[in-house]
Amino acid sequence: MASAYNFQIIENCLKCPMREDKLFCNLSHSALRALQEIKATSVYPKGALLCLEGQAPRGVFILCTGRAKLSTTSAEGKTIILRIAEPGEVLGLTAVVGNAPYEATVETLEPTQANFISQTDFVRFLEHNSDVGLKVAQQLTHNCKCAYDEIRSLGLSNSVPEKIAKLLLRWAESPLDNGKKKPSEIAIRVTLTQEEIAQFAGTSRETVSRVLGEFKKKGWLRVRGATWFILNKPELEKLVTT
């Protein structure tokens, strides 16, 4: 098994130790064998563009390792991050199945392994493996739920502090097992820049910097590089409108 960027490259889907835990990858043995024959495995550095908004669909990317951000840009150049994709997700699925342009730009947030499958091969794969249809439906449902959550967060939040509190609480749902934290603290990994957090919250980088500074001053948040510690979750929850 080859390695790159300090992680093991998984070239054979049939031997992937994590496939049962991933949204799209827990397929039947026959479907995995068919998938293995049509996919091309690649490793991408941080900042690689997998899909471009408005581009004709070339195919789908199955995220194996690493994370990617999905964003959309207005005619005026304002960018909003729609969501963060995790391992096991299929990127570009809506465009490929609907034969429509990619609806978002997909950019890797860290060194990433992804399997690429051309549009022609993926559509044929679906046609010959009916059990995969349920996985596609689950992925599309997941995408739709993420979009609704983001619209609700942006549209119903009364202030930028509330939006950022919602982001922190959402990330806190998947805490890090960090031995340097106190029992009452919640450790989370944040690899987004303040500019990217601003794109999530629909505001400016300067405003994000000010709000995070206020959270730290109040003793709600501590930042150590990419590891952030939520020190007072109840106070953040008070900011969030129910």
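Residues numbered from 1 in each chain as written. Predicted model: local features only at pLDDT ≥ 70, side-chain atom pairs only at ≥ 80, totals over all residues. Heavy atoms only, no water.

Visitor: I'd like to hear about the nonpolar core, residue by residue, with values.
Guide: One finds Leu 168, Trp 171 and Ile 188 to be the most contacted residues of the largest nonpolar core, which totals 27 residues. Broken down by secondary-structure element, the contributors of at least two residues to this core are strand E7 (79–85), helix H5 (160–171), strand E11 (186–189), helix H6 (194–201), helix H7 (205–217) and strand E13 (227–230). Among the elements that make up this core, the one with the highest residue count is H5 (seven residues). Those residues in contact with Trp 171, other than ones at most four positions away along the chain, are Ile 188, Val 190, Leu 192, Ile 197 and Phe 200. (Core = buried A, V, L, I, M, F, W, Y, C linked by side-chain atoms within 4.5 Å. Buried < 20%, exposed > 50% of the residue type's maximum accessible area, 1.4 Å probe, protein only. Helix = DSSP H or I, 4+ residues; strand = E, 2+ residues; numbered from the N terminus. Contact = heavy atoms within 4.5 Å.)

Visitor: Requested: an account of helix H1 (residues 29–38), with residues and values cited.
Guide: Inspection of H1 places Ala 31, Leu 32 and Leu 35 among the buried residues, and these make up the whole buried set. The buried residues of H1 occupy an angular sector of 100° when projected down its axis, which confines them to one face. Relative to its buried face, H1 has exposed residues pointing more than 90 degrees away, namely His 29 and Glu 37. (Arc of directions from axis to C-beta.)

Visitor: An account of the sheet that holds E7 is needed here, citing residue identities and associated values.
Guide: Spatially, the four strands line up as an open sheet ordered E4-E9-E6-E7, and their pairing is antiparallel. Among the strands making up the open sheet, the edge pair consists of strand E4 (49–51) and E7. In this sheet, neighbouring strand axes are inclined to one another by 30° on average, regardless of whether the strands run parallel or antiparallel. Pairing analysis gives four bridges linking strand E6 (residues 68–73) to strand E9 (residues 105–108), with the strands arranged antiparallel. Counted as the bridge partner of Leu 70 is Val 106 from E9. Each of E6 and E7 touches H6; the most contacted strand, E7, lies at about 100° to it. (Pairing = 2+ DSSP bridges. Axes fitted to C-alpha atoms, helices over the stretch in contact; angles between N-to-C directions.)

Visitor: Which residues make up the environment of Phe 7, and what values do they have?
Guide: Of note, Phe 7 is situated in strand E2 (residues 7–8). For Phe 7 and Thr 65, which are 58 residues apart along the polypeptide, the C-alpha to C-alpha distance reads 8.2 Å. Apart from residues lying up to four places away in sequence, Phe 7 is in contact with Val 43, Thr 65, Pro 111, Thr 112 and Gln 113.

Visitor: Give a description of the sheet that holds strand E5 (residues 59–65) that names residues and reports values.
Guide: Pairing is antiparallel in the open sheet, where four strands are placed in the order E3-E10-E5-E8. Each edge of the sheet is formed by a strand with only one pairing partner; in this case those strands are strand E3 (40–44) and strand E8 (90–91). Pairing geometry for E5 and strand E10 (residues 112–118), over six bridges, is antiparallel. Each residue of the ladder has a partner; that of Gly 59, found in E10, is Ser 118. The sheet strands contacting helix H3 (residues 119–128) are E5 and E10, and the helix crosses E10 at an angle near 80°.

Visitor: An account of the packing of aromatic side chains is needed here, citing residue identities and associated values.
Guide: Overall, the coordinates contain five aromatic pairs when judged by the stated rule. Their ring planes at 75° and their centres at 6.3 Å tell us that Tyr 44 and Phe 61 sit as a pair that is edge-to-face. With Tyr 44 in strand E3 and Phe 61 in strand E5, this residue pair connects regions lying 17 residues apart in the sequence. Taken as a pair, Tyr 44 and Phe 61 share a single burial class, namely buried. When the ring of Phe 215 is compared with that of Trp 220, the centres are 5.4 Å apart and the planes differ by 40°; the resulting orientation is tilted. Judged by relative accessible area, which is 2%, Phe 215 ranks as buried. Taken together, the aromatic side chains of Tyr 44, Phe 61 and Phe 116 make up a single cluster linked through ring pairs. Taking the ring centre of Phe 229 as reference, the NZ or CZ of Arg 222 above it sits at 4.1 Å. (Phe/Tyr/Trp six-rings, centres within 6.5 Å; stacked < 30°, edge-to-face > 60°. Lys NZ or Arg CZ within 6 Å of the ring centre and 35° of its normal.)

Visitor: Help me get a handle on the pattern of salt bridges, residues and values and all.
Guide: Following the criterion strictly, the structure yields twelve salt bridges and no others. Between Arg 222 and Glu 185 there is a salt bridge, with its nearest N and O atoms 2.8 Å apart. Pair noted here: Arg 222 is in strand E12 (residues 221–224) and Glu 185 is in the loop between H5 and E11, with a separation of 37 residues, a long-range link. Among the residues examined, Glu 185 registers a relative accessible area of 7% and is labelled buried. A salt bridge links Lys 238 to Glu 235; its shortest N-O distance comes to 3.2 Å. On the criterion of helical spacing, the pair formed by Lys 238 and Glu 235 is a turn pair, its members being three residues apart in helix H8 (residues 233–239). One connected set of salt bridges, linked through shared partners, spans Arg 67, Glu 110 and Arg 189. (Salt bridge = Lys/Arg side-chain N within 4 Å of Asp/Glu carboxyl O.)

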